[in-house]
Amino acid sequence: VVAPVGGTGQCLRQLFALHRHHPGPWQPGSDLVRADLMRVERPWGWYEDLLEAPGYKVKRLMVRRGCQFSLQRHHHRSESWTVVSGDGGLFCDDRWHDANPGLMLSIPCGAVHRARGGQQDLLILEVQHGSLLSEDDIERLQDDYGRVIS
């Protein structure tokens, strides 16, 4: 399910206004800023693609409290996660990390990982780096929602 996001669009317009005299990817017309910001709903929460250019993509992920996304790995990209708000757990390479605002986690290409919401929804900024930055580069190893393909 994909739905437009009203509030985030307003935030981007405010960002454009604040930085209109400074060069950068926030400038209107830049191919890096998603003017058509869409929220993609998933059983565990949602994500939004914020910025994209060759070699990298920036997303905002929200994992609902008590939910988790697939235990997964990627073959063509690494990821960096920064916890923005909420709590929960971040798993990478056989180790769970307590997720609280400010925690940063680097996920190497090929590393098995997942995120889980805790007592509150977990909001993460994700930066992807690599040659294939699409949802096609997700190998699901375990999934609470039956999305693992054998």
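To be clear, the structure that these remarks concern was listed above.
Residues numbered from 1 in each chain as written. Predicted model: local features only at pLDDT ≥ 70, side-chain atom pairs only at ≥ 80, totals over all residues. Heavy atoms only, no water.

Summarise the pairing of strand 7 (residues 88-92); cite the residues concerned and give the values.
Burial within strand 7 is extensive, with 4 of its 5 residues counted as buried. In this structure, strand 7 lies alongside strand 8 (residues 95-99), joined through 5 bridges in antiparallel fashion. Paired with phenylalanine 91 across the two strands is tryptophan 96, which belongs to strand 8. Between the end of strand 7 and the start of strand 8, which pair antiparallel, lie 2 residues, with aspartate 93 showing a positive phi angle near 50 degrees. Judged from the 5 bridges that link them, strand 7 and strand 10 (residues 113-117) form a sheet pairing that is antiparallel. From the neighbouring strand, glycine 88 faces strand 10, where its bridge partner is glycine 117. (Buried < 20%, exposed > 50% of the residue type's maximum accessible area, 1.4 Å probe, protein only. Helix = DSSP H or I, 4+ residues; strand = E, 2+ residues; numbered from the N terminus. Pairing = 2+ DSSP bridges.)

Account for the side chain of histidine 74, naming residues and giving values.
As for its placement among the helices and strands, histidine 74 is situated in the loop between strand 5 (71-73) and strand 6 (77-85). Here the side chain of histidine 74 touches arginine 77 through a polar contact of 3.3 Å, side chain to side chain. Polar side-chain contacts of histidine 74 include one of 2.5 Å to the backbone oxygen of aspartate 137. Setting aside residues up to four positions removed in sequence, histidine 74 forms contacts with Glu79, Cys109, Gly110, His113, Asp137 and Ile138. (Polar contact = N/O pair within 3.5 Å; in protein donor to acceptor, adjacent residues only side chain to side chain. Contact = heavy atoms within 4.5 Å.)

Explain the pattern of salt bridges residue by residue, including any values.
Opposite charge on two side chains makes pairing possible when the charged atoms of those side chains draw close. Applying the stated criterion to the full structure yields 9 salt bridges. Measuring nitrogen to oxygen at the nearest pair gives 3.9 Å for the salt bridge that ties aspartate 49 to lysine 57. Each member of the pair, aspartate 49 as well as lysine 57, carries the same accessibility label: buried. One network of salt bridges, with partners in common, ties together Asp49, Lys57, Lys59 and Glu135. (Salt bridge = Lys/Arg side-chain N within 4 Å of Asp/Glu carboxyl O.)

I'd like a description of the nonpolar core, backed by residues and values.
With 18 residues, the main nonpolar core has Trp81, Leu90, Ala115 and Leu122 as its most contacted residues. The set of elements that each furnish at least two residues to this core consists of strand 4 (56-63), strand 6, strand 7, strand 9 (104-107) and strand 11 (122-130). Ignoring any residue separated from it by four or fewer positions in sequence, one finds alanine 115 in contact with Val63, Cys67, Gln68, Phe69, Trp81, Gly89, Leu90, Leu122 and Ile124. (Core = buried A, V, L, I, M, F, W, Y, C linked by side-chain atoms within 4.5 Å.)

Quick one: what's the story with the packing of aromatic side chains, residue by residue and with numbers?
Considering all chains together, one arrives at 3 aromatic pairs under this definition. Between the aromatic rings of phenylalanine 69 and tryptophan 81, the centroid separation amounts to 5.8 Å while the plane-to-plane angle is 85 degrees, which identifies the pairing as edge-to-face. Of the two residues, phenylalanine 69 is situated in the loop between strand 4 and strand 5 and tryptophan 81 in strand 6; the sequence distance between them amounts to 12 residues. Given a relative accessible area of 5%, phenylalanine 69 falls into the buried group. The class of tryptophan 81 is buried, set by a relative accessible area of 1%. One aromatic cluster is present, built from ring pairs that chain together Trp44, Phe69 and Trp81. The aromatic ring of tryptophan 46 is capped on one face by arginine 39, whose charged end is 3.8 Å from the ring centroid. Cation over ring: lysine 59 sits above tyrosine 47, and NZ or CZ is 3.8 Å from the ring centre. (Phe/Tyr/Trp six-rings, centres within 6.5 Å; stacked < 30°, edge-to-face > 60°. Lys NZ or Arg CZ within 6 Å of the ring centre and 35° of its normal.)

Give a description of the environment of arginine 114 that names residues and reports values.
With respect to the helices and strands, the residue arginine 114 is situated in strand 10. As a C-alpha pair, arginine 114 and tryptophan 96 span 18 residues in sequence and 9.3 Å in three-dimensional space. In terms of polar contacts, arginine 114 uses its side chain to reach the backbone carbonyl oxygen of phenylalanine 69, at 2.9 Å.

Break down unusual backbone geometry for me, citing the residues and quoting the values.
Positive phi is not limited to glycine here, since aspartate 93 has a value of about 50 degrees. With respect to the helices and strands, the residue aspartate 93 is situated in the loop between strand 7 and strand 8. Even without a glycine there, the phi angle at aspartate 94 is positive, about 70 degrees. Locating aspartate 94 in the fold gives a position in the loop between strand 7 and strand 8. In this structure aspartate 94 comes out as exposed when scored by relative accessible area, which is 74%.

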